[in-house]
Amino acid sequence: MQVVIIGAGPAGLLLAHRLLARSPHYQITIYDQRSDPRLADSLANSSDRAFVISLTERGQAHLKAIDGLWPAVRQRGMVIRQTGVYSPKNKQWKTFQRSSDPDKFSLLINRNHLCIALLETLEQCSEKHPDRSVKIVFNATCRDINLRQRQLTLIDAEQQILRQSYDLLVGADGVHSGVRNAFLKQPGFDFQQSYFNAVWKVLHVPRPAEFSSDTSYFFRQTLSLPGQPPNQFSGAAIPELDDRLCVLMFWQQASDCAIGNPPGITSPQDFQKQMAEQWLPGLTIDDAMAQALFDQRPSSIVETRCSRYHDTPGQAVLIGDAAHGMSSALAQGCQAAFADVIALDCLLQSEADHLPTVLSQYSAQQVKEGHAITDLNAHLRPQAKGLSLLFNIAMGLQSKLSRWFPGWVSPPLFALLAQPEISYAEIAHRFRFWIHLIRWSNQQHQSRVESRLEARAQSQC
Ligand SMILES: Cc1cc2nc3c(=O)[nH]c(=O)nc-3n(C[C@H](O)[C@H](O)[C@H](O)COP(=O)(O)OP(=O)(O)OC[C@H]3O[C@@H](n4cnc5c(N)ncnc54)[C@H](O)[C@@H]3O)c2cc1C
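The model shown is predicted, which means the values in this text are computed figures rather than measured ones.

Visitor: What should I look at first to understand the overall build of the chain in this one?
Guide: Secondary structure assignment for the chain yields 14 helices and 18 strands. A compact globule built from 461 residues should have a C-alpha radius of gyration of about 23 Å, and the chain, at 23 Å, falls within 12% of that. Seen through its C-alpha atoms, the chain measures out along the principal axes to roughly 65 × 55 × 45 Å. Sorting the 461 residues of the chain into buried and exposed places 51% on the buried side. Surface accessibility of the chain: about 21900 Å² in total, with carbon and sulfur atoms responsible for 51%. Here the chain carries 44 positive and 42 negative side-chain charges, and the mean point of each set is 7 Å from the other.

Below, the structure written as structure tokens:
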């Protein structure tokens, strides 16, 4: 079977692994518009890809199922057992252990390094099985898809046109998926996309000695400027290989702004001051880094929702961010992508590659999961201070009670999200009360902020 995968991201590469490991029956070709992440140049230039992904036991379980893959990934990531929060009163970082079980930890890995580990092990696997075929073509952009004739048109680095036919087309091409766009021409395919009112920037810096290599450090601040609504600013500093820290920061801003910085940051020096005094005390960034951060274009966050993940003839399918884009609030995008891969591979095996059956069953199963995790992501972040406090207290209490009365009290949200055997649909069901309450409260909060701003604008007139 000729399987063509568009996108050599975590989802596309893991699917190639699963198919290659299982059967010599698949001829796999992967195309990616970007260059090979193993080339040093492409790592240095790819600021958009250079963020860190957290993989809990949920994501780890999917990697462990493939021979040799987990050690390769683990070697390139950092084992994180604690979270750190700064206490301004005591002027020091307070750390909390994630779990007392030494086997429970988060693996924090740069997306590029995850792809490199997947690529290297994929090549080793194909060398071990000369009867199995996988071809990876970088710098090849998919431009046109004819779902009826099962034909693709791609453009390579030399601007040459490539044509490719397929038996199964897999759209693993991320949140702005072209494969999904081709589905839009088909009747009955419903797709919604919304931009979050938030953006993010990333910075990589040498890790100072006071920042431990097994701790993720979190910061949060409400930024208020006169005449503007309060802006929720938050971020994390996460250890990386080679004694570095990846600093991610998020704030509220219309996503169509090409340039921008958090409220109150009007020069690179403001970044240096805020970083050292407020957000990450103990971390200093030099002038060049501050300037680069100040000039960096903020990235937007897109949420997508599809009514199904396959085309009508049943020969093309979406996995990962192409199927369900979401914010990184609950750190589940990649882990949900891995779950799609496992579901698709298991169905191909159980249904003996009968694609119309496989793909419709895949949609029936995974659309529910995709919608559940996007709901959890979107509606478990209370904007009102009071509700946010209440939610955190409730989760703390639930964490204690679930340890004392296991079987009687459900573990808190983050503990459930880490457990691979509990589906996202089940978690959304258990948290349905909070989802409804927070959704309602956020709507009220938003309209209160808007009417306050309107009143202030009118009084100034
Ligand atoms: C700041 C941030 C933090 C995150 N943190 C976490 C986390 O902690 N945990 C977690 O699980 N997830 C996290 N995520 C989400 C995670 O990164 C994504 O869910 C994951 O990368 C999805 O993998 P994918 O393979 O589906 O898509 P992608 O990683 O987007 O890969 C898609 C690939 O398709 C290629 N492509 C696109 N269009 C074409 C085309 N036309 N032709 C050829 N190739 C094409 C792209 O070049 C790309 O390589 C985070 C995301 C962000 C932005």
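After that view, the rundown keeps rolling.
Visitor: Before we go on, may I ask you to explain the site of the ligand in this structure?
Guide: Taken together, 30 residues are adjacent to the ligand, and Asp 32, Ser 54, Cys 142, Asp 321 and Cys 334 come closest. Contact distances for the ligand include 3.0 Å between an oxygen atom and a side-chain N or O atom of Arg 111. In this structure, Gln 335 approaches the ligand through a main-chain N or O atom, which is 3.2 Å from an oxygen atom. Of all the elements in the fold, those that place two or more residues in the shell around the ligand are helix H1 (10–22), strand E3 (52–55), strand E9 (141–146) and helix H9 (333–350). Residue classes in the shell around the ligand are distributed as 14 nonpolar, eleven polar and five charged.

Visitor: Even after reading the chapter, I still don't get the sheet that holds strand E16 (residues 244–252), so can you show me in this structure?
Guide: Note: strands within a sheet are paired through backbone hydrogen bonds, in either parallel or antiparallel orientation. Taken in spatial order, the seven strands make up an open sheet running E6-E5-E14-E15-E16-E13-E17, and their pairing is mixed. Sheet topology places strand E6 (92–97) and strand E17 (299–306) at the edges, where each strand pairs with a single neighbour. Strand-to-strand twist of the sheet, defined as the mean angle between neighbouring strand axes without regard to direction, takes the value 30°. As defined by bridge partners, strand E13 (residues 191–206) adjoins E16 across nine bridges and the pair is classed as antiparallel. Residue pairing in the sheet places Pro 206 in a bridge with Arg 244 of E16. Lying on the sheet, helix H8 (residues 287–295) is in contact with E13 and E16; it crosses E13 at an angle near 170°. Relative to the sheet, helix H10 (residues 355–379) contacts E13 and E17, its axis offset from that of E17 by approximately 140°.

Visitor: What should I look at first to understand the pairing of E3 in this one?
Guide: Look at any regular strand and the pattern is simple: side chains alternate between the two faces of the sheet. What you see with E3 is no split at all: Val 52 and Ser 54 on one side and Ile 53 and Leu 55 on the other are buried throughout. The pairing of E3 with strand E7 (residues 106–110) spans four bridges and is classified as antiparallel. Bridge pairing in E7 places Ser 54 opposite Leu 108.

Visitor: Can you help me understand the pattern of salt bridges in this one?
Guide: Any two side chains of opposite charge can pair, so long as their charged atoms come close to each other. Within the structure shown, the criterion is met by twelve salt bridges. Between Arg 98 and Glu 57 there is a salt bridge; the shortest N-O distance is 3.1 Å. Of this pair, Arg 98 sits in the loop between E6 and E7 while Glu 57 is found in helix H3 (residues 57–64), placing the two residues 41 residues apart along the sequence. With its nearest N and O atoms 3.8 Å apart, the salt bridge here joins Asp 131 to Arg 132.

Visitor: Honestly, the state of the cysteines in this entry has me stumped. Any pointers?
Guide: In a disulfide, the sulfur atoms of two cysteines are covalently bonded to one another. Applying the stated rule across the entire model yields zero disulfides. Free cysteine Cys 142: the closest other cysteine sulfur is in Cys 306, separated by 16 Å. Of all cysteine sulfurs in the structure, the one in Cys 115 sits closest to Cys 334, which takes part in no disulfide; the separation is 8.0 Å.

Visitor: Honestly, the packing of helix H7 (residues 268–279) against H8 in this entry has me stumped. Any pointers?
Guide: Relative placement of two packed helices is described by the angle separating their axes and the distance separating the axes. Their axes nearest at 8 Å, the elements H7 and H8 cross at an angle of 110°. It follows from the interaxial angle that H7 and H8 lie roughly perpendicular. Residues Pro 268, Phe 271, Gln 272 and Met 275 of H7 pack against Asp 287, Ala 290, Gln 291, Leu 293 and Phe 294 of H8. Of the residues in the contact of H7 with H8, the class split is six nonpolar, two polar and one charged.

Analysis parameters
- Residues numbered from 1 in each chain as written.
- Predicted model: local features only at pLDDT ≥ 70, side-chain atom pairs only at ≥ 80, totals over all residues.
- Heavy atoms only, no water.
- Helix = DSSP H or I, 4+ residues; strand = E, 2+ residues; numbered from the N terminus.
- Rg over C-alpha atoms; globule rule 2.2 N^0.38 Å.
- Buried < 20%, exposed > 50% of the residue type's maximum accessible area, 1.4 Å probe, protein only.
- Areas by Shrake-Rupley, 256 points an atom, 1.4 Å probe, with all protein chains shown as cover.
- Lys, Arg positive; Asp, Glu negative; His and termini not counted.
- Charge placed at Lys NZ, Arg CZ, Asp CG, Glu CD.
- Near = heavy atom within 4 Å.
- Polar contact = N/O pair within 3.5 Å; in protein donor to acceptor, adjacent residues only side chain to side chain.
- Nonpolar A, V, L, I, M, F, W, Y, C, P; charged D, E, K, R; others polar.
- Pairing = 2+ DSSP bridges.
- Axes fitted to C-alpha atoms, helices over the stretch in contact; angles between N-to-C directions.
- Contact = heavy atoms within 4.5 Å.
- Salt bridge = Lys/Arg side-chain N within 4 Å of Asp/Glu carboxyl O.
- Disulfide = S-S within 2.5 Å.
- Parallel < 35°, antiparallel > 145°, perpendicular 65-115°, else oblique.

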